[in-house]
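If you want the building blocks of each chain, they are given just below.
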Amino acid sequence: MIWENSLYLWLLSLIPVAIVLLWWKSVRVRDLQKKYFSPELFNSLRKGYWSLGNRLKNISMLAGLFFLIVAFAGPKIGTEVREIKREGIDMLVALDLSASMNAEDVRPSRLEKAKFEINRLIERLHGDRVGLVVFTGEAYLQSPMTLDYSALRLFLDIADTEQMPSSATDFKSAMETSLEAFSALEENGTDAAKVLLIISDGEDHGQSYDEALEKLISEDILIYTLGVGTNEGTTIPLYEEGTDRIIGYKRDNNGQVVTTQLQSQTLRNIAKKGNGEYYSIERGNDGIDAFLARMDDLEKGEFASQEYADYKNQYQWMGALALLFIVISMIIPSYSSRKE
């Protein structure tokens, strides 16, 4: 048993106080009787008095007070099963964690800006299932489809370029892993839109992704892309392990400093074939507001009906008992109609 307003239980201390007052009153009445009245005169004045009825009256009033206080405290006993129906879309975010995402042509960096915008996206979600895929040359399901947005944020926070075994980018691996994640969803007959949002700077060093893209399209998965970076490009900083201190810049096999640029055409092609749209973040104050507005227009479906157990309120029973005993105390007579 738990209590909704347990502070009211302190009022139960009034009951022993009331019992003491009733006892003191009865003692006081007896003392006054002995002082001013003879037993014969006192009994004649209280002719028909029913002492048992008076005691029952007091007991009922005290019981009513007890149950009334308990009712105010809000006892909750047992369990109550409730069903929550959620409506939304199924969305998977594929985040590029290649080394070029550390470039700082978009402040504070391409990756940090992308994570900031994903967090903004999460804040706008209401009943949508969302998951996270991270990819470079390989792809991993960082977070499966979930309605637990707090857990999703934790998985997003730890996403970092250093966690991946490869520093290159392969859209094919991201698409294949995303398809597996969508396929793993339970069959629930929902008509909710399925959306894949790929966030990257567009540099692709992997195999052809055409076949993987066609499989996604065949499953009616809408593919949107978000490009992060500038056309002018910039260098790729290298950090001291475990710190934010820059120790140099990425170089090619010839020792030349590598410059990375936003490859928007690749992302545009993916979005066009995937029946989606391309968006870009080229400055620090850019965001994904246009994509967020588009999500509101997508078809939503009912899914993931959730059941959870809760304690069931029982205050109404306590209130009913309180009312019953108070009524009893009011109808029990202190004097009987029996003739002496």
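It should be noted that the structure appears before, not after, this text.
What you see is a predicted model, and the numbers here were worked out from it, not measured in a lab.

Each value, and the rule that gives it
Chains are numbered independently. Their residues run from 1 in the order of the written sequence. Totals for whole chains, interfaces and linings use all residues, but because this is a predicted model, local features are given only for residues with pLDDT of at least 70 and pairs of side-chain atoms are given and counted only at 80 or more. To obtain the side-chain values, all non-hydrogen atoms of the structure were included, while hydrogens and water were left out. Buriedness for pockets is judged along seven lines, at least five of which must meet protein on both sides within 12 Å for an open set on the 1 Å grid over protein atoms alone, while cavities are sets there where a 1.4 Å probe fits but cannot get out, and lining residues have an atom within 4 Å of a point. Grid points are joined across faces, edges and corners, and a volume is the space filled by probe spheres set on the points. Secondary structure counts use DSSP, requiring at least four H or I residues in a row for a helix and at least two E residues in a row for a strand, with both numbered from the N terminus. Between rings of Phe, Tyr and Trp, where Trp is taken as its six-membered ring, a pair exists when centres lie within 6.5 Å; planes separated by under 30 degrees are stacked, by over 60 edge-to-face, and by other angles tilted. Throughout, a contact is declared for two residues whenever any of their heavy atoms are within 4.5 Å. Under the convention adopted here, Pro, Cys and the residues Ala, Val, Leu, Ile, Met, Phe, Trp and Tyr are nonpolar, Asp, Glu, Lys and Arg are charged, and Gly plus all remaining residues are polar. Only the stretch in contact is used when a helix axis is fitted, and all axes are lines through C-alpha atoms; the angle between N-to-C directions ranges over 0 to 180 degrees. Should an angle fall under 35 degrees it is called roughly parallel, over 145 degrees roughly antiparallel, and 65 to 115 degrees roughly perpendicular, with every other angle called oblique. Salt bridges, as used here, are contacts in which a Lys or Arg side-chain nitrogen is within 4 Å of a carboxyl oxygen on Asp or Glu. Residue exposure (1.4 Å probe, protein chains only): buried if accessible area is under 20% of the type maximum, exposed if over 50%, otherwise partly exposed. Put simply, buried Ala, Val, Leu, Ile, Met, Phe, Trp, Tyr and Cys residues joined by side-chain atoms within 4.5 Å make one nonpolar core.

Participant: Go over empty space enclosed by the protein with me, naming the residues and quoting the values.
Facilitator: Applying the stated criterion across every chain yields a total of 1 cavity of 30 Å³ or more. Estimates place the volume of the largest cavity at around 40 Å³. In this structure, the largest cavity is lined by Val93, Ile118, Ile122, Val130, Gly131, Leu132, Leu152 and Leu156. Secondary structure elements with two or more residues in the lining of the largest cavity: helix 4 (110-124), strand 4 (129-135) and helix 5 (149-157).

Participant: Residue-level account of the packing of aromatic side chains, with values.
Facilitator: Tallied over the entire structure, the rule returns 7 aromatic pairs. A ring pair is formed by Phe135 and Phe171, whose centres lie 5.9 Å apart and whose planes are at 50 degrees; its orientation type is tilted. Taken together, the residues Phe135 in strand 4 and Phe171 in helix 6 (residues 171-183) connect sequence positions 36 residues apart. Through pairs of rings, three or more aromatic residues link up here, namely Phe66, Phe67 and Phe325.

Participant: Could you give me a rundown of the side chain of Asn102, with the residues and numbers involved?
Facilitator: Secondary-structure assignment places Asn102 in the loop between strand 3 (90-96) and helix 4. Setting aside chain neighbours within four positions, we find Asn102 in contact with Ser109, Leu111, Thr161, Pro237 and Tyr239.

Participant: I'd like a rundown of the layout of surface pockets, residues and numbers included.
Facilitator: For the second largest pocket, the calculated volume is near 450 Å³. Secondary structure elements with two or more residues in the lining of the second largest pocket: helix 4 and strand 9 (237-239). For the lining of the second largest pocket, the element with the most residues is strand 9, which contributes 3 residues. Classifying every residue of the lining of the second largest pocket gives 8 nonpolar, 9 polar and 6 charged.

Participant: If you had to explain the packing of helix 4 against helix 5 to someone new, which residues and values would you point to?
Facilitator: Between helix 4 and helix 5, the shortest axis-to-axis distance is 11 Å and the interhelical angle comes to 175 degrees. The orientation of helix 4 with respect to helix 5, classified from their angle, is roughly antiparallel. Residue-level contacts link Lys115, Ile118, Asn119, Ile122 and Glu123 of helix 4 to Tyr149, Leu152, Arg153, Leu156 and Asp157 of helix 5. The residue makeup of the contact of helix 4 with helix 5, split by class, is 5 nonpolar, 1 polar and 4 charged.

Participant: Outline the pattern of salt bridges, supporting the account with residue identities and numerical values.
Facilitator: By the definition in use, this model includes 12 salt bridges. Between Arg107 and Glu104 there is a salt bridge, and its shortest N-O distance comes to 3.3 Å. Owing to a relative accessible area of 26%, Glu104 belongs among the partly exposed residues under this scheme. The partner of Arg110 in a salt bridge is Asp201, and the shortest N-O contact between them spans 3.0 Å.

Participant: Can you break down the nonpolar core residue by residue, with the values?
Facilitator: Core analysis: the largest hydrophobic core is formed by 35 residues, its most contacted members being Met91, Leu95, Leu121, Ile199 and Phe291. Among the secondary structure elements, those contributing two or more residues to this core are strand 3, helix 4, strand 4, helix 5, strand 6 (194-200), strand 7 (221-228), strand 12 (278-281) and helix 9 (289-295). Looking at this core element by element, the count peaks at 5 residues for helix 4. If near-sequence neighbours (up to four positions away) are discounted, Met91 is found in contact with Leu121, Arg129, Val130, Gly131, Met145, Val195, Phe291 and Met295. Grouped together as the second largest cluster of nonpolar side chains are 26 residues, Leu92, Ala174, Tyr209 and Leu213 included.

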